[in-house]
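# Breakdown of the fold
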Amino acid sequence: MLTLQGTDSSTVVSVFTCDKSVEELLNKEWLLTNNRGGYSSSTIIGCNTRRYHGLLVGSLHPPVDRIMALSNCLEMVIQNGEVFNLSTFEFPDKFAPKGHGYIKRFRRDTGVHFDYQLNKLEMTKSVYLCRESDTVVLVYDFKQIEEAIEFVLRPFIGLRDFHSLQKSYAHICRAQFEGGLVIRHDTPGSCELSLNCPSMNFEKDKQWWFNFLYRCDQQRGQDFTEDLWAPGFFKRLIEEPCRIVFYANLSSRYNLEQLKKTTLEKVCTNLQKHQESIKRKSANQSGTAKSKKQNSQYGTLCLAADQFITTRQKSQNDRTTILAGFPWFADWGRDAFISLPGLLLGTGRFDEAKSVLTTFAHAADDGLIPNRFDDHSDTAYFNSIDASLWFINAAFQYLNASGDMETFTQQFLPTIRWIVDSYHKGSTYDIRADEDGLIIAGNEETQLTWMDSKYEGHSFTPRYGKAVEVNSLWYNCLCSIAQFYAEQDAEAAKHYKSMADRVKDSFLRLFWNEKYGYLNDCVLP
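Conventions adopted
- Residues numbered from 1 in each chain as written.
- Predicted model: local features only at pLDDT ≥ 70, side-chain atom pairs only at ≥ 80, totals over all residues.
- Heavy atoms only, no water.
- Helix = DSSP H or I, 4+ residues; strand = E, 2+ residues; numbered from the N terminus.
- Rg over C-alpha atoms; globule rule 2.2 N^0.38 Å.
- Buried < 20%, exposed > 50% of the residue type's maximum accessible area, 1.4 Å probe, protein only.
- Contact = heavy atoms within 4.5 Å.
- Areas by Shrake-Rupley, 256 points an atom, 1.4 Å probe, with all protein chains shown as cover.
- Salt bridge = Lys/Arg side-chain N within 4 Å of Asp/Glu carboxyl O.
- Disulfide = S-S within 2.5 Å.
- 1 Å grid on protein atoms, 1.4 Å probe; cavity = no way out; pocket = protein on both sides within 12 Å on 5 of 7 lines; lining within 4 Å.
- Points joined across faces, edges and corners; volume = space filled by probe spheres on them.
- Nonpolar A, V, L, I, M, F, W, Y, C, P; charged D, E, K, R; others polar.
- Pairing = 2+ DSSP bridges.
- Axes fitted to C-alpha atoms, helices over the stretch in contact; angles between N-to-C directions.
- Parallel < 35°, antiparallel > 145°, perpendicular 65-115°, else oblique.
- Left-handed = near helix turned anticlockwise from the far one by under 90°.
- Expected span 1.5 Å × (residues − 1).
- Bend = angle between axes of the 7 residues up to and from the residue.

### Comments concerning the overall build of the protein chain
- Looking only at helices and strands, one finds 11 helices and 31 strands in the protein chain.
- Computed over its C-alpha atoms, the radius of gyration of the protein chain comes to 26 Å, within 12% of the 24 Å expected for a compact globule of 525 residues.
- The principal-axis extent of the C-alpha atoms belonging to the protein chain is close to 85 × 55 × 50 Å.
- Out of the 525 residues in the protein chain, the part that is buried amounts to 54%.
- Long-range pairs, those at least 24 residues apart, make up 62% of the contacts in the protein chain with a sequence separation of at least 6.
- Just so you have it, the protein chain exposes about 23700 Å², and 48% of that area is on carbon and sulfur atoms.

Rendered as structure tokens:
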């Protein structure tokens, strides 16, 4: 667990690493995200332990179709003929090189920072992820140079689906242009990784490095070794303190011109402005009653919440959505609407909350809100009985928090009534209200609740019939609608209250287990 230590106000996390074992350091990870579903992530010593780790994981169709583009970099300092390897990689039988011993401290603010200390040399490596594009910026600040050194930077390329692993039979090629390199697969339609380091010279030296080991994948029982390709290396003689900036961008097509327009100053300014905007909103929400320390902690939570908020790009317009988790989840309906009150309403981000609700409402079908979207397209999947009910709960919470009656009645209420009518009369997956008013659904082959693991047609935890949390949500929805109509439409209010009362009576009779003093989990048909 990362703990706060004495540091400046802009730093979220600071960890001194020199007194800790490599095993302990490998259990601490960092994450930077952009608003496209892309991210940068590794351990606090820069040694990747998952297939999902990488300096640049971009999204070709935000927030999905994610590509692990730039895995890592081998960084070396050569001083008086002696080589100091700053990087750390794990292979099946060893760590090689083992540069983590030179790292004295890890820090996290708008980027992440590694403070290195060598003989007669101090250097800080920083990683920044652009918000609006899949671009990572690596910055090397050489602060103390008592003797001339050579600095060598060798990028390791993945350029593969972030769920998979790469082997050396992959056909990767590079083209060199004025101002940088373009890396792609030697196949039509390949995405492309652009690299640019204006202050260093590039030297061709194509290499495959074999069997990088990812210990977390190994622990999960998955394939856990990967081969990575390097097109060559960047090199520079350094005789005095200086700054070296390395840029990498992933896009569907060659994008060096855009990369050359990206500057470190613009990236840092954009990130700082965004953080300040989040903190201002959090300050407005937290009120004046809290102490300075509480406000600071609340602001930190708001910044953490921001990492899950992203954009789903559509052909006509973009909408806000919520990722269910990092590193491998996309936007899931259930997770989005459980978390929306905390991530967006509690942080004062009402416009984005409205956009999330609208994103899923527009994708509804047969009275069902999508369970999730495909990892490579806009295809929606509807195998969830509770996502629609969580949507209704989140929509009412949006109304209560924002007071936006116009949006609620015009955009959300029709979907809410459609969901309730569909659940009552019958919908996909045999979702329907039984004679007792409770919701019943599915069969032994379906997985519609949060316990949804399934493999080769076999559901590991079948919960078909009447699930306790589903009917709790169903009752909550009916009560919310009845209360909403209480002062607007007496007949509608009476109708939904009657449904709610019937569900309440049936729920208490069917789910309460008097013998054991708890609720039954699921009542089979």
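### Comments concerning the pattern of salt bridges
- Going through the model one piece at a time under the given rule, you end up with 28 salt bridges.
- The partner of Asp 331 in a salt bridge is Arg 312, and the shortest N-O contact between them spans 2.8 Å. With Asp 331 in the loop between strand 21 (318-322) and helix 6 (333-345) and Arg 312 in strand 20 (residues 309-313), this pair connects stretches of sequence that are 19 residues apart.
- Measuring nitrogen to oxygen at the nearest pair gives 3.8 Å for the salt bridge that ties Arg 432 to Asp 434.
- The partly exposed category is assigned to Asp 434, whose relative accessible area is 24%.
- If you follow the salt bridges from partner to partner, you end up with Asp 430, Arg 432, Asp 434, Asp 436 and Lys 466 in one network.

### Examining the state of the cysteines
- Going through the model one piece at a time under the given rule, you end up with zero disulfides.
- Cys 130 supplies the cysteine sulfur nearest to Cys 268, a cysteine that is in no disulfide, at a spacing of 9.1 Å.
- With no disulfide of its own, Cys 522 lies 18 Å from the sulfur of Cys 477, the closest cysteine sulfur.

### Remarks on empty space enclosed by the protein
- For the coordinates displayed, the defined rule picks out four cavities of 30 Å³ or more.
- In this structure, the largest cavity encloses a volume near 110 Å³.
- For the largest cavity, the lining is made up of 16 residues, of which Ala 441, Leu 448, Thr 449, Arg 463 and Tyr 464 are closest to its centre.
- A breakdown of the residues in the lining of the largest cavity according to their chemical character gives nine nonpolar, five polar and two charged.

### What about the pairing of strand 19 (residues 242-251)?
- Most of strand 19 sits out of view: nine of its 10 residues are buried.
- Inspection of the sheet shows strand 12 (residues 135-145) paired to strand 19 by eight bridges, in the antiparallel sense. When the sheet's bridge partners are listed, Phe 142 is paired in strand 19 with Cys 242.
- Of the pairings in the sheet, the one linking strand 16 (residues 192-196) to strand 19 comprises five bridges and is antiparallel in character. Within strand 19, the position partnered with Glu 192 by the bridge is Ser 251.

### Observations concerning the packing of helix 9 (residues 405-425) against helix 10 (residues 468-485)
- In the contact formed by helix 9 and helix 10, the axes pass within 12 Å of each other and the chain directions differ by 135 degrees. Here helix 9 lies oblique to helix 10, going by the angle between them. Remark: the crossing between helix 9 and helix 10 carries left-handed chirality. For the pair helix 9 and helix 10, the contacting residues are Met 405, Phe 408, Thr 409, Leu 413, Ile 416, Arg 417, Val 420, Tyr 423 and His 424 in the first and Trp 474, Leu 478, Ile 481, Phe 484 and Tyr 485 in the second.
- Tallied by class, residues from the contact of helix 9 with helix 10 come to 11 nonpolar, two polar and one charged.

### Notes on helix 9
- An ideal rise of 1.5 Å per residue puts 30 Å on 21 residues; helix 9 measures up with 28 Å between its terminal C-alpha atoms.
- Taking the largest bend as the criterion, helix 9 deviates by roughly 50 degrees, centred on Phe 412, and proline Pro 414 comes between one and four positions later.
- For helix 9, the set of buried residues is Thr 407, Phe 408, Phe 412, Leu 413, Thr 415, Ile 416, Ile 419, Val 420, Ser 422 and Tyr 423.
- For helix 9, the elements touching its buried residues are helix 7 (350-362), helix 8 (387-402), strand 24 (432-433), strand 25 (439-440), helix 10 and helix 11 (490-511).

Nothing here speaks to function; it is all geometry.
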